[in-house]
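If you want the building blocks of each chain, they are given just below.
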2 protein chains.
Amino acid sequence: MTAPLTGYTILDLTHVLAGPFCTMTLADLGADVIKVEQPGGGDDTRAFPPFKDGKSAYFAAINHGKKSIALDLKDDEDRLVFERLLANADVIVENYRPGVLDRLGYGWEILHEAYPHLVYGAVSGFGHTGPDAKRPAYDMVVQARGGVMSITGEKDRDPVRVGASIGDIVAGMFLAQGILAALLDRTRTGRGRKIDVSMLDSQLAILEHAIALTSVTGKAPGPSGARHPSITPFETFHASDGLFVIAAGNDRLFEKLCIALNLPLAGDPRFATNPARCENARLLKRLIEAVTLDNTRAFWIEKLKAAGIPTGPIQSVDQVFKDPQIVARNMLVDVLDRNGRAAYKAAGNPIKMTDMPDPTTRAPAPDLDGNRGEILRWLDEG
Amino acid sequence: MTAPLTGYTILDLTHVLAGPFCTMTLADLGADVIKVEQPGGGDDTRAFPPFKDGKSAYFAAINHGKKSIALDLKDDEDRLVFERLLANADVIVENYRPGVLDRLGYGWEILHEAYPHLVYGAVSGFGHTGPDAKRPAYDMVVQARGGVMSITGEKDRDPVRVGASIGDIVAGMFLAQGILAALLDRTRTGRGRKIDVSMLDSQLAILEHAIALTSVTGKAPGPSGARHPSITPFETFHASDGLFVIAAGNDRLFEKLCIALNLPLAGDPRFATNPARCENARLLKRLIEAVTLDNTRAFWIEKLKAAGIPTGPIQSVDQVFKDPQIVARNMLVDVLDRNGRAAYKAAGNPIKMTDMPDPTTRAPAPDLDGNRGEILRWLDEG
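These lines cover the structure that appears in this document, whether it is placed above or below. Residue indices follow the written sequence of each chain, beginning from 1 at its first position. Whichever chain is written first becomes A and whichever ligand is written first becomes 1, with later ones labelled in order. A pLDDT threshold of at least 70 governs which residues receive local features in this predicted model, and a stricter bar of 80 or more applies before side-chain atom pairs are shown or counted, although totals over entire chains, interfaces and linings include all residues. To get the side-chain values, take all heavy atoms of the structure and skip hydrogens and water.

**Describing the overall build of chain A**
The way it works is that DSSP assigns letters per residue, a run of H or I at least four long becomes a helix, a run of E at least two long becomes a strand, and they are numbered from the N terminus. Across its full length, chain A carries 16 helices and 15 strands. By its C-alpha atoms, chain A is 80 × 50 × 40 Å across when sized along the principal axes. Buried positions account for 62% of the 382 residues belonging to chain A. By definition in these notes, contact holds between two residues if any of their heavy atoms fall within 4.5 Å. Put simply, of all contacts in chain A between residues at least 6 apart along the chain, 67% involve residues at least 24 apart. The protein chains shown are the only cover counted for residues, whose accessible areas, like all others here, come from Shrake-Rupley with a 1.4 Å probe. A total of about 13900 Å² of accessible surface is found on chain A, and carbon and sulfur atoms cover 51% of it. Between the centroid of the 43 positive side chains of chain A and the centroid of its 48 negative side chains there is a distance of 5 Å. Exposed residues in this analysis have more than 50% of their type's maximum accessible area, buried residues have under 20%, and partly exposed residues fall in between, with area computed by a 1.4 Å probe over protein chains only. The charge count includes Lys and Arg as positive and Asp and Glu as negative, but it does not include His or the ends of the chains. In plain terms, the charge of a residue is placed at NZ if it is Lys, CZ if Arg, CG if Asp and CD if Glu.

Structure below.
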């Protein structure tokens, strides 16, 4: 059992979410991640609520298993340590605003010249090129500007934010993918590359259906509440005790659904094809709910499951924690504290792989500068 | 200029979105992707609206630049072709329900024995293990069951779906990351691995803040409309002509914001820290809107931009298409038709990389079985 990235070292100059999420996923695949933090406070999220035993549970959830060294990149002695790290690392990752590392003398061109093997991964609000390159961004700014908010929410009401910080996270994921592609390429060329991922670009990259629609019709879609904009029935329905989801993505599933609900609609031309069902979606929803309101969510989910129809509950996060499938897949792990006690929860590794350990715990998130001695010893040995 | 995955061949047995999105991002990094489709209809999304010139713009947006061969994996002759493809490919990707390939005699153990170099990537609704492994899922089922819907929407109203299909897309992205890690590992071991990604797991993996909160407080968060649940001000505000976003993520930005809006709040203890601002978020929103309602969105965005405060518009998808930053980053590309004419739009590659071409067009999406001759010739040469 060996994790695939065993032996790779990532120098992690990132903070808050997009960068740290990227390096967390690489750590989960076996890479050694060394956080290089500003002396004083370090990563902003060390001060983010909620706290437990005086430490940020948020920081722990994203930074478990990483090591930390505090370096002032304007201090000559610390710069020497940093440069020894650069010589020994495979990857440097940063999410500063474009230009910050250049001003410190560690821009891509200089690093590539001095450490040609080094892969350089950058994630920023708007990318390292274009008119807005130097502007700051946060998750919500790119969710709004990138179009996702305009298709999320209820019709005729104000748009809403996606509750998960996909502005940061999706960008961090694209960066991880770029870094791995560059490392793979390096096995042939011996040379690193720079990867430049923008949070705004990454929002556009996930719009899929909305891009096709806008490009063909010339008209941008709006929000469609809890239903899919072009598949019916594919939305939430009321049972006697609340909402649940039915997603009958094709004609065959719709026929099965009609049989399971004892609804004599299969031959009705108003519902014979998906375009027809989309046209008559409101009527269809009422006809289905006239049936589903008579019994509980649990009843209908079991019944439709048995019939092979995609269905399920809308779960709150505490319910997700107890979901038997989530538990069986080891998707909620314990982050240990320095005393080896389970102290925080974090998401498990969604990338399950043969011959890769899938532990139920994670090493502690580091204290600021908490691994200085160990890191310096590693450099001395290297 | 060489794309990092040049020379890698992906055998793509996927359909609809999670799998095809994964292989699209690998194609954008230079891999050759061969779609192996069912004779007859092929990938379901060939029949998905919207259409242009009789072809699905949706299919084109996700499958550009791939090749297609139609093979019936129950037919002996076609199985021989498939096995020659397996011997020559680096990766096989599939998003069937668990067990389908096993029944065809192409399960992981058999493939790994016969083609030890082959990396096997699978994405499914619930993964290849656990009590729900064999159940079907669609995007909306996992958005609902995985917790994202429970934190998306307005307080005291029904939850809404994230407008982009992140149930599929995020899973496809984790699969791409796993495949690349396995290919990197293979350069040392010569052996492939199986990657098993579940759409439900992937939803949990992006919950970040909600996991920390639920684990520390024991209470799951609900939806919080258009504001961040634990940073203030970080939400939408009304200007005279509509909504825009201000994301002042820390005290320094809040001070700058007060100066830019000429709001004398900087010394006010009700707004001195982020916890205090969260406590008084509604009051703060009114005080800010008392100022912002006096002028247009464009006015405030310019003013706050100049002051270095993260801000921006809420853009519809047609507006995103014209965004100067999106245009400068080549994030909207033209998919060509067989006559070489720009026919459809697709998202550009969000992974910008040195020495990698970033073309403004994409080769056509393949017709079903449209590359049979070319693929058979490649096998004969190989």
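**Remarks on the interface of chain B and chain A**
In this assembly, 139 residues from chain B lie in contact with 139 residues from chain A. What counts as buried area is the accessible surface, traced by a 1.4 Å probe, that two parts surrender upon association, with contributions from both included. Across the chain B/chain A interface, buried area totals approximately 11800 Å², and carbon plus sulfur atoms make up 67% of it. Salt bridge criterion: a side-chain nitrogen from Lys or Arg within 4 Å of a carboxyl oxygen from Asp or Glu. In this structure, the connection of chain B to chain A is made through 10 salt bridges. A salt bridge links Arg145 of chain B to Asp323 of chain A, with the shortest nitrogen-to-oxygen separation between them at 2.7 Å. It is helix 7 (residues 166-189) of chain B that provides the largest number of residues to the side of chain B that touches chain A, a total of 16 residues. Three classes are used, and their members are as follows: Ala, Val, Leu, Ile, Met, Phe, Trp, Tyr, Cys and Pro are nonpolar, Asp, Glu, Lys and Arg are charged, and the others, Gly among them, are polar. A per-class count over the side of chain B that touches chain A returns 80 nonpolar, 34 polar and 25 charged. Pairs of strands are assigned from DSSP output, requiring at least two bridges between the strands. Pairing between strand 14 (residues 352-353) of chain A and strand 8 (residues 194-198) of chain B: two bridges, direction antiparallel. The residue bridging Met353 of chain A from the neighbouring strand is Ile195 of chain B, located in strand 8 of chain B.

**Some words on the packing of helix 7 (residues 166-189) of chain A against helix 7 of chain B**
Working convention: axes come from line fits to C-alpha atoms, limited for helices to the stretch in contact. Angles between N-to-C directions cover 0 to 180 degrees. Contact geometry for helix 7 of chain A and helix 7 of chain B: axes closest at 9 Å, N-to-C directions at 20 degrees. It follows that helix 7 of chain A is roughly parallel to helix 7 of chain B by the angle criterion. Classified by chirality, the crossing of helix 7 of chain B by helix 7 of chain A is left-handed. Contacts between helix 7 of chain A and helix 7 of chain B involve Ile166, Val170, Met173, Phe174, Ala176, Gln177, Leu180, Ala181, Leu183, Leu184 and Thr187 of chain A from the first element and Ile166, Val170, Met173, Phe174, Ala176, Gln177, Leu180, Ala181, Leu183, Leu184 and Thr187 of chain B from the second. Along the lines of polarity and charge, the residues of the contact of helix 7 of chain A with helix 7 of chain B split into 18 nonpolar, four polar and no charged. For classification, angles of less than 35 degrees are called roughly parallel, those exceeding 145 degrees roughly antiparallel, those between 65 and 115 degrees roughly perpendicular, and all remaining angles oblique. By definition, turning the near helix anticlockwise from the far helix through less than a right angle yields a left-handed crossing, and turning it clockwise yields a right-handed one.

**A few points about the packing of aromatic side chains**
The description of an aromatic ring pair rests on the distance of the ring centres and on the angle between the ring planes. Pairing of aromatic rings covers Phe, Tyr and Trp, the last counted by its six-membered ring, and requires centre-to-centre distances within 6.5 Å; plane angles under 30 degrees mean stacked, over 60 mean edge-to-face, and any other angle means tilted. The tally for this structure, following the rule as stated, stands at 10 aromatic pairs over all chains. Ring geometry for Phe234 of chain A and Tyr138 of chain B: centres 5.5 Å apart, planes at 70 degrees, overall edge-to-face. In this pair, Phe234 of chain A sits in strand 9 (residues 234-239) while Tyr138 of chain B sits in the loop between strand 7 (119-124) and helix 6 (139-145), so the two residues belong to two different chains. By relative accessible area, Phe234 of chain A is classed as buried at 2%. Summarising the aromatic geometry, the rings of Phe299 of chain B and Trp300 of chain B are spaced 4.9 Å apart at their centres and angled 80 degrees between planes, so their arrangement reads as edge-to-face. When the NZ atom of lysine or the CZ atom of arginine is within 6 Å of a ring's centre and also within 35 degrees of its normal, the charge is said to sit over that ring. The ring of Phe254 of chain A carries the charged tip of Arg277 of chain A above its face, separated from the ring centre by 4.5 Å. Geometry around Phe237 of chain A places Lys285 of chain A over its ring, the cationic atom sitting 5.6 Å from the centre.

**Focus on the sheet that holds strand 5 (residues 67-70) of chain B**
If you trace the seven strands from one edge of the open sheet to the other, you get 14(A)-8(B)-7(B)-6(B)-1(B)-2(B)-5(B), paired in mixed fashion. Edge strands, defined here as strands with exactly one partner in the open sheet, are strand 14 of chain A together with strand 5 of chain B. By the bridge criterion, three bridges tie strand 1 (residues 9-12) of chain B to strand 6 (residues 91-94) of chain B in an arrangement that is parallel. Within the sheet, the bridge partner assigned to Asp12 of chain B lies in strand 6 of chain B and is Val93 of chain B. Set on the sheet, helix 3 (residues 76-88) of chain B makes contact with strand 1, strand 2 (32-37), strand 5 and strand 6 of chain B; between it and strand 1 of chain B the angle comes to about 145 degrees.

**So, the relation of the copies chain B and chain A**
Copy-to-copy alignment: least squares on C-alpha atoms, limited to residues at pLDDT 70 or above in both. Superposing chain B onto chain A requires a rotation of 180 degrees together with a translation of 0.0 Å along the rotation axis, leaving an RMSD of 0.0 Å. The symmetry that links the two subunits is that of a two-fold axis. When you check the interface residues of chain B against chain A, 100% turn up at the interface there too, and the contact is symmetric in its surfaces.

**Digging into the sheet that holds strand 13 (residues 342-347) of chain B**
Taken in spatial order, the three strands of this open sheet run 13-12-15 (chain B), and their pairing is mixed. Each edge of the open sheet carries a strand with a single partner, namely strand 13 and strand 15 (361-362) of chain B. Summarising the sheet, strand 12 (residues 332-336) of chain B and strand 13 of chain B pair through five bridges and their orientation is antiparallel. If you follow Leu332 of chain B over to strand 13 of chain B, its bridge partner there is Ala347 of chain B. Strand contacts of helix 9 (residues 209-217) of chain A: strand 12 and strand 13 of chain B, with the helix running at about 150 degrees to strand 13 of chain B, the strand carrying the most contacts.

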